[in-house]
Each structure stands twice: as C-alpha cells, then as structure tokens.
Amino acid sequence: MSSPPRRTGKVPTGWLLAIAVVVIYVGVVLIDDDKGWSFWLDQTRNGLTTGSLYALIALGYTMVYGVLRMINFAHGEVFMIGSFTGWVVLTKVFGGNDMSDAVIAPAILVAMLAAAVVTAGSVIVIERIAYRPLRHAPRLAPLISAIGVSIFLQNLFLRLTEGRFRQYPRIFPQGPGESVDLGFTSIDYIEIFLIGSSILMMLALYLFVQRTKMGVSIRAVAEDQEVSALMGVNVNRVIALTFVIGAALAGVAGVMYGLWLLNIKGTMGFLPGIKAFTAAVLGGIGNIPGAMAGGFLIGLAESVGREQLNSVFNPVLHWIGAGGLGLGNEWKDVVAFVVLVGVLLLRPTGIFGEVVGKRA
Amino acid sequence: MRERLRSNAIVKPVADALAVARRRSERAYGSVPNALRLFLLAALLIGVPFYEDPFAGGVIFDERWLAVFRLVGLYIMLGLGLNVVVGYAGLLDLGYVAFFASGAYLYALLASPASPAIDFPIDDVPWLFWAMLPAALFVGALFGVLLGIPVLPMRGDYLAIVTLGFGEIIRLFLINKTDFTGGSQGLYGIKAPPLPDFPGLNITELKSTALTEWYIFIVIAIFIVAFCATRLRDSRMGRAWEAIREDEDVAEAMGIDTIKYKLMAFAMGAAIGSLGGTIFAAFQGSAIPDSFDLLVSINVVSLVVIGGMGSTWGVVLGAVILIGIPDFLRFREASDFLGLFDPLVPFADTHNWAEDLRENRFIVFGALLVAVMVLRPSGLIPSRRRQIEFAAAAEEA
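Residues numbered from 1 in each chain as written. Chains lettered and ligands numbered in written order. Predicted model: local features only at pLDDT ≥ 70, side-chain atom pairs only at ≥ 80, totals over all residues.

Asks: Got a sec to walk through the overall build of chain A? Specific residues and values, please.
Replies: Along chain A, the regular secondary structure elements total twelve helices and four strands. A total of 360 residues make up chain A; the buried ones form 48% of that total. Of the contacts formed within chain A by residues at least 6 apart in sequence, a portion of 77% connects residues at least 24 apart. (Helix = DSSP H or I, 4+ residues; strand = E, 2+ residues; numbered from the N terminus. Buried ≥ 20, exposed ≤ 12 C-beta atoms within 10 Å, placed from the backbone. Contact = placed C-beta atoms within 7 Å.)

Asks: Describe the overall build of chain B, naming the residues involved and giving the relevant values.
Replies: Secondary structure assignment for chain B yields 18 helices and zero strands. When each of the 397 residues of chain B is scored for burial, the buried share is 42%. Partitioning the contacts of chain B with sequence separation of at least 6, the portion at a separation of at least 24 is 75%.

Asks: Account for helix α17 (residues 361-375) of chain B, with residues named and values stated.
Replies: In this model α17 of chain B runs 20 Å from its N-terminal to its C-terminal C-alpha over 15 residues, within 8% of the 21 Å that 1.5 Å per residue would give. Listed in full, the buried residues belonging to α17 of chain B are Ile363, Val364, Phe365, Gly366, Leu368, Leu369, Val370, Val372 and Met373 of chain B. (Expected span 1.5 Å × (residues − 1).)

Asks: An account of the interface of chain A and chain B is needed here, citing residue identities and associated values.
Replies: Residue-level contacts link 37 residues of chain A with 34 residues of chain B. Elements represented by at least two residues in the side of chain A that touches chain B include exactly α4 (104-131), α5 (140-160) and α12 (332-346) of chain A. At 13 residues, α5 of chain A tops the list of elements feeding residues into the side of chain A that touches chain B. Grouping the constituent residues of the side of chain A that touches chain B by class yields 25 nonpolar, seven polar and five charged. (Nonpolar A, V, L, I, M, F, W, Y, C, P; charged D, E, K, R; others polar.)

Asks: Mind laying out the packing of helix α3 (residues 75-93) of chain A against helix α9 (residues 235-261) of chain A, listing which residues take part and the relevant values?
Replies: To characterise two packed helices, one gives the angle between the axes of the helices and the distance between these axes. Residues and elements named next belong to chain A. Relative orientation of the contacting elements α3 and α9 amounts to 55 degrees, with a least axis distance of 7 Å. Between α3 and α9, the interaxial angle falls into the category oblique. By crossing handedness, the relation of α3 to α9 is classed as right-handed. For the pair formed by α3 and α9, the contact residues are His75, Val78, Phe79, Met80, Ile81, Gly82, Ser83, Thr85, Gly86 and Trp87 on the first element and Gly246, Ala247, Ala250, Gly251, Val252, Ala253, Gly254, Val255, Tyr257 and Gly258 on the second. For the contact of α3 with α9, the residue count by class is eleven nonpolar, nine polar and no charged. (Axes fitted to C-alpha atoms, helices over the stretch in contact; angles between N-to-C directions. Parallel < 35°, antiparallel > 145°, perpendicular 65-115°, else oblique. Left-handed = near helix turned anticlockwise from the far one by under 90°.)

Asks: Explain the environment of Ala105 of chain A to me, using residue names and the numbers behind them.
Replies: The topology assignment puts Ala105 of chain A in helix α4. In the structure, Ala105 of chain A is positioned 66 residues away from Ile171 of chain A in sequence and 9.9 Å away in space, judged by C-alpha atoms.

Asks: With reference to specific residues and values, describe helix α7 (residues 213-223) of chain A.
Replies: Residues Ser217, Ile218, Val221 and Ala222 of chain A constitute the buried set of α7 of chain A. Buried residues in α7 of chain A, looked at end-on, bunch into an arc of 140 degrees, giving them a common side. (Arc of directions from axis to C-beta.)

Asks: Describe the confidence of the model for chain A, and please don't skip the residues or the numbers.
Replies: Residues and elements named next belong to chain A. On average, residues of chain A score 81 in pLDDT, and 82% of them are at 70 or above. Overall, residues 321-325 carries pLDDT values under 50, and its contacts beyond four positions in sequence, including any with other chains, amount to five contacts. Low pLDDT, under 50, characterises residues 355-360; the predicted model gives this stretch 19 contacts beyond four residues in sequence or across chains. (pLDDT = per-residue confidence, 0-100.)

Asks: Can you break down the confidence of the model for chain B residue by residue, with the values?
Replies: Residue and element names in this part refer to chain B. Per-residue confidence for chain B averages 83 on the pLDDT scale, and 89% of its residues sit at or above 70. Across chain B, the element-wise mean pLDDT spans from 58 in helix α18 (residues 384-396) up to 94 in helix α12 (residues 258-284). At the level of chain-chain contacts, confidence expressed as ipTM amounts to 0.81, with global pTM at 0.82.

Asks: Give me the lowdown on the nonpolar core, citing residues and values where you can.
Replies: Membership of the largest hydrophobic core comes to 216 residues, with the highest contact counts inside it found for Val252 of chain A together with Ala265 of chain B. Not counting the four nearest positions on each side in its chain, Val252 of chain A is found in contact with Leu56, Gly82, Met112, Ala115, Ala116 and Met201 of chain A. (Core = buried A, V, L, I, M, F, W, Y, C linked by C-beta atoms within 7 Å.)

Asks: Got a sec to walk through unusual backbone geometry? Specific residues and values, please.
Replies: All names here are of chain A. Residues other than glycine seldom take positive phi values, yet Arg69 does so here, at roughly 55 degrees. Mapped onto the secondary structure, Arg69 falls in the loop between α2 (37-68) and α3. The class for Arg69 is partly exposed, based on 19 C-beta atoms found within 10 Å. Look at Glu162: it is not a glycine, yet its phi comes out positive at around 55 degrees. Within the secondary structure, Glu162 sits in the loop between α5 and β1 (166-167). On the neighbour-count criterion, Glu162 (7 C-beta atoms within 10 Å) is exposed.

Asks: Account for the environment of Thr278 of chain A, with residues named and values stated.
Replies: Relative to the helices and strands, Thr278 of chain A resides in helix α10 (residues 270-282). In the structure, Thr278 of chain A is positioned 261 residues away from Leu17 of chain A in sequence and 17 Å away in space, judged by C-alpha atoms.

Asks: Give a detailed account of the packing of α3 of chain A against α5 of chain A, specifying residues and quantitative values.
Replies: All names here are of chain A. Viewed as axis vectors pointing N to C, α3 and α5 meet at an angle of 25 degrees, and their least axial separation amounts to 9 Å. By the angle between their axes, α3 is roughly parallel relative to α5. Judged by the twist between their axes, the crossing of α3 over α5 is left-handed. Here α3 contributes Glu77, Met80, Ile81 and Phe84 to the contact with α5, which in turn contributes Ser150, Leu153, Gln154 and Phe157. Partitioning the contact of α3 with α5 into residue classes produces five nonpolar, two polar and one charged.

Asks: Can you break down the environment of Arg358 of chain B residue by residue, with the values?
Replies: Residue and element names in this part refer to chain B. If you trace the backbone, Arg358 turns up in helix α16 (residues 353-359). Through-space distance from the C-alpha of Arg358 to that of Arg330 is 6.3 Å; in sequence the pair is 28 residues apart. The contact partners of Arg358, leaving out residues within four places of it in the chain, are Leu329 and Arg330.

Next comes the structure, spelled out in structure tokens:
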C-alpha cells in the first residue's frame with residue numbers, strides 16, 4: 001500500500017476552498033433578503049447543530065478509512081446503539097421524565113459514558129467477527145460483511161423495540177421562550193450543549209491524535225501498515241483503537257441526537273450514517289480536521305442549501321415552464337447525495353486533500 | 001478438524017461412497033450435450049406447477065409456492081443483470097433498484113388508469129405489455145448510461161455509496177413528484193397483459209392471480225436472460241469487462257476503451273433490471289415507491305455476492321437462499337420441517353423456535369451475510385475462472 005502524495009506549502013488549497021465556501025454562503029444569504037435575517041440565522045443555527053452530530057459520526061468513518069481503507073457501513077448502526085444505550089440509562093436508571101433537577105447533569109454524563117462504553121464494546125466484537133477475518137479478502141467481501149452487520153443490528157433493534165419509536169425524556173427545555181436570547185437571534189440550550197460538547201470532543205481527539213504516542217501510532221498505521229508493523233507498532237491494536245474511538249464518538253452523538261430530537265428508532269442510523277460519510281468525503285477522507293469541517297458544512301448545506309437552491313433555481317425553473325420541479329422539504333435528504341457526487345467528481349480529494357475515489 | 005473427521009472409521013466409507021457416486025453422476029451428466037441439458041432443465045422447471053403428489057394427491061406446489069417461486073425467479077433475473085455489472089465488470093452498484101423502478105414505472109405510467117402521464121384509454125393498445133418489454137430494455141440501457149456517466153471515474157466503495165445515493169434519489173423522486181408518478185400512493189390497476197390464442201392455454205390474459213402462467217413466463221425469461229448474459233460474458237466485451245475488473249489501469253494500457261466498456265456494463269445490467277421492473281409491475285398490478293427501497297438493491301447485491309460473483313448458478317442459489325427461504329419460513333410446511341429438528345434443539349419444548357426464526361428472519365439474513373463472507377469470501381459457487389484467480393491470490397499472500 002503506497003502512501004498518498006502529501007500536499008506541501010504554506011497556504012493549503014483546502015483552507016482557501018473552505019473560506020471560499022463560507023464567503024459564498026454569506027454572500028448568498030446577503031443577496032437574498034425577502035426571507036429576512038432571522039430566517040437565515042435560524043437555518044444556520046439548525047445547520048450547525050445537525051452538522052456537529054454529522055461531524056462526530058464522520059470522525060469514525062474517516063479514522064477507520066484512514067487505517068483500513070474500508071468504509072464501515074455499520075457505523076450508522078453504532079450511532080443507533082449509542083442512542084439506545086443512552087435511552088436505557090436515562091429512562092430505566094434515572095427515571096426518565098421524573099428525574100429530579102439535581103441528577104440531570106450526572107445523568108447525562110453517565111448516559112454518554114455508558115453509550116461510549118457500549119458502542120466501543122460492540123464495535124470490538126463486530127471488528128473481530130466480521131472485519132478482521134476479511135482484511136485480505138477480495139475487496140467486496142468486507143463491504144458485504146459490513147452491510148450484513150448493519151442489517152443485523154438494525155433489525156435486531158427494530159425487533160427489540162417492536163418497530164416503534166422510543167422517547168427520550170425531555171431534559172432540555174425546548175420551545176418558545178425557553179432559549180437564550182442573543183439579541184439578534186435566540187439559541188436553544190440543547191443547541192449550545194450539542195455544538196459546545198462536540199467541539200470539545202473534537203478538540204480532545206485532535207490533541208490525542210497529534211500529541212500522544214498512541215495518536216502517533218494511529219497516524220503511522222494510516223501512512224503505511226507494513227512499515228509501522230516493522231517499527232514495532234501493534235497494528236491490530238491500533239486498528240481496534242481507531243474503531244473504538246470512532247464508535248465512542250458516534251455513541252455520544254447518538255445520545256445527543258436523542259436529547260435533541262427525542263424520538264429514536266432502530267432505523268435511525270441509516271441517513272445520518274450516509275450523510276456523515278458524505279461529510280468525511282467532503283473533508284477529505286482519512287483527514288480528521290477535514291471530517292469535522294465536512295460535518296458542519298453538510299449540516300449547513302442541508303438546512304441552508306435547499307432554501308438557497310430553491311431561491312436560485314425556482315425562477316429559472318418557472319421560466320422554462322417546470323415550476324413544479326422546485327425542491328420541497330422532503331428533498332433535504334437528497335442534498336447530501338448531490339454534494340457527495342459533486343465532490344467525488346470535481347474534487348475527489350475533498351476540500352482538505354488526500355487522493356481517494358480512484359483507489360480502493 | 002476436517003481432516004480428522006474424514007479419517008473417522010464411520011465417516012470414511014460413507015464419504016468414499018458419496019465421492020464415487022458423485023464422480024459417476026458427474027461423468028454421466030458430462031456426456032449429455034449442453035443444449036440438451038439446458039432443455040431438460042427447462043422442461044423440469046416448467047413442469048413444477050404440474051407435479052402431483054403421489055401420496056396425498058393434488059399438486060405438490062400449490063399457489064403459495066408458485067408465488068414464492070415467481071418472486072425468486074424475478075430476483076434471479078435481477079441478479080443476472082447485476083451480475084453483469086458487479087460480477088463481470090467488477091463495478092459495485094448499490095443503486096440497482098433505480099433501474100428496476102424505472103422499468104416498473106415505465107410500464108405503469110402507460111398502463112395504469114391512475115397514471116397522470118396519459119389521458120387515452122389504454123384498452124386501445126392491448127399488446128402494450130409485449131411492446132414494453134423491448135422498450136424497457138432500451139430505456140433501462142439509456143438510464144444505465146445516464147447514471148453511469150457521472151460515476152465513471154469512481155471505483156470500489158465510492159461507486160457503491162454514490163450509486164446507493166442514486167437509488168435513494170429515485171425513490172424520493174417517485175414519492176415527491178406526485179403530479180408525475182402518483183406519489184406515495186403509487187400507480188395501481190395496471191391492466192393484465194393479454195395472451196395470444198395458444199393451443200392449451202385456457203386464459204386470455206396474464207392476471208396477477210394466474211400464478212402458473214406467470215411462473216412459466218418468468219422461467220422462460222430467466223433462461224433467455226441467462227443465455228444472453230453468458231454469451232455476453234464470453235464475448236469480446238466480456239473479456240474487456242474482466243480485464244477492467246482485474247485492473248482498470250492495466251486494461252486501459254492494453255488498449256481497452258474502459259469508458260465504453262464500463263458504460264456498456266452499466267447499460268446491460270440496467271436493461272435487465274428494467275426488464276425485471278416491467279415484469280414486476282405487470283404481475284403486481286401496481287407500482288408503489290415503497291417497493292423500490294434500498295433493501296431491493298441490497299438483496300440483489302447480496303445474492304450475487306453470496307452466490308459467487310460472476311457465476312450464473314451462484315445467482316440462482318443466492319436468490320433461493322436469500323429470497324426463497326425467508327418466504328418459505330412463513331409456510332406451515334416450514335414449521336413442520338423445522339419441527340423435525342426439535343430433538344436437536346435443547347429449548348424446543350418451551351420455545352416455538354421455528355416461529356422465532358420466521359419472525360427474526362431479517363436478523364438471520366444479516367448474520368448470514370456476515371457468515372458467508374467470513375467463511376467463503378468468494379461466494380458459495382464461485383465462478384470457475386474467479387476461483388482460479390482467488391486460489392492464485394491466496395498462494396501469493
């Protein structure tokens with residue numbers, strides 16, 4: 001496995017591209033004024049919140065891809081397992097909606113820790129059973145195996161919950177008058193919590209990968225498995241470690257998803273999984289800061305991009321007599337796929353680089 | 001472990017006898033000309049609805065069975081189509097349902113009275129279904145090329161995810177474009193295809209309830225599709241696909257027009273998928289977006305891979321295992337059959353485990369995918385040529 005050519009230079013193109021995206025975004029928001037500022041701020045806020053979840057999930061994809069060159073199709077289901085673990089802790093251990101105010105903070109903390117531990121444990125089992133034996137198999141085999149794991153887990157949880165939704169307790173007040181007023185806009189407590197804690201976790205991960213010995217070994221294995229094995233790195237251990245870190249982040253993201261959107265279900269992992277994967281590709285798969293940026297960008301693209309595309313394309317569509325073709329709210333899920341196809345076609349390296357797409 | 005079992009005093013004579021019998025039957029089978037063999041097989045399969053039970057009387061495979069066989073047959077067709085893309089050309093397409101849906105809607109839009117697309121009475125065109133079969137092939141191929149162009153530079157996992165995205169976009173399109181596709185309600189009341197006056201046929205149209213006729217129709221269709229697919233595989237194009245599958249860069253260096261042949265693979269696969277879609281819409285009598293979800297794509301890919309990529313018999317076996325058995329588990333006979341194993345199951349007297357198995361069949365399906373991949377990464381019946389390749393690769397490693 002040869003290492004990809006590294007881009008060198010003082011100002012990486014990736015950052016320029018990212019800045020360009022932000023500038024275009026602000027510009028487009030400024031041009032369109034019939035919806036008003038508060039509408040766009042709402043969309044942005046929403047986009048950043050979803051984006052922080054995508055970013056957390058995307059880290060798992062990117063890290064595993066970095067070391068194994070494999071897309072862990074079951075990652076969305078790991079996220080789902082985390083969400084259910086959190087639900088069990090919050091409702092069965094801490095009493096759900098009857099929780100007293102004093103235990104709220106420890107309850108959330110314990111739920112997140114439990115989710116991280118359970119997802120980490122399950123992913124170790126998954127890796128051992130379904131992925132490790134296939135490391136040198138024909139390239140479609142691990143993919144099908146991962147799809148198998150995904151179907152298995154999805155249906156297992158659907159079965160355990162009889163196909164119904166499970167409700168998280170409403171811990172954070174949501175709704176009108178229950179938010180922090182910033183003057184120009186207001187922001188829900190849960191949104192502050194989500195964005196804040198995910199940024200904290202990402203920082204921690206970044207420092208871990210850059211500064212610690214284990215982090216160095218992860219990067220070494222990503223660069224070249226065989227050579228790092230010769231240098232005394234326990235490759236199997238490192239691979240398991242990346243799976244565990246990715247899974248723990250996804251598990252915590254699952255709890256946050258539940259706290260935010262309240263309803264969880266066995267099939268909930270699929271779409272966030274795909275979108276997070278898109279985020280990872282957008283940021284340059286294998287690239288950790290890229291996945292974080294990609295997550296936020298996909299979140300924004302989803303909530304803002306759809307509105308914006310509509311305001312740009314609708315007049316054109318009307319003009320050519322296809323007015324009905326405008327994108328409705330249901331098309332939100334398509335945005336991620338369009339971004340994915342676009343990125344792979346126009347800049348397969350993602351905005352922060354690393355040559356992919358053609359490989360694998 | 002296996003070796004020790006083989007040298008066991010009880011197992012050995014049995015195994016030897018079986019090996020001799022197998023060799024003899026293979027020799028006898030091998031002496032029959034290929035065409036005759038296929039003809040016999042076709043006759044055997046077409047006869048299935050008429051087999052009679054010598055003990056209890058009546059037919060062995062009643063309507064419920066034929067309904068399952070029909071579905072399995074449809075998936076065999078889809079599998080053969082996807083096999084061209086995945087097995088021959090090595091392009092992992094997870095959005096195969098897009099072509100299946102396009103074929104189904106192509107026919108449904110013209111043949112359903114609920115269709116918003118037409119406003120002429122469809123009764124005027126009695127032969128519509130038969131005309132739509134070649135049309136479906138053509139439109140499917142077109143769709144294949146259209147969706148194939150943007151993914152030309154992609155390989156492996158990326159191709160998988162992007163095609164998966166296409167499959168989902170098609171479904172969302174079908175649900176959301178209410179004024180064109182009838183929305184989530186779908187198109188229903190599709191007229192049954194008429195049949196010409198054949199001697200011995202006592203029905204005039206292929207209603208959804210005409211299970212025997214549909215079954216025979218699908219068996220014939222499978223034979224035609226399988227014939228075409230294997231001919232394609234052995235053609236110049238098939239060899240180009242194989243080269244691309246093994247190494248795209250080397251293939252290109254050897255002068256193979258990779259763009260052309262990759263698009264051809266997408267087109268051929270899509271044409272068969274679309275044909276399957278038209279047949280599906282006709283025997284279902286309706287086309288609803290829910291029938292075209294991701295699970296269809298995953299089912300088809302899984303049956304191709306589990307059966308053994310590139311192998312025709314693998315597709316058949318894969319479809320029987322993945323589509324047939326889960327359906328079979330719903331039958332009363334399945335409980336009776338599984339009941340035979342009760343003595344082996346420790347919790348049989350307290351647990352209706354056959355029932356559990358039936359209700360959890362998707363969980364079993366997922367686990368089965370993993371198990372087959374881990375134990376036989378090249379599938380249950382690997383195509384002969386690929387088998388050799390894998391053996392060589394294993395020696396190298």
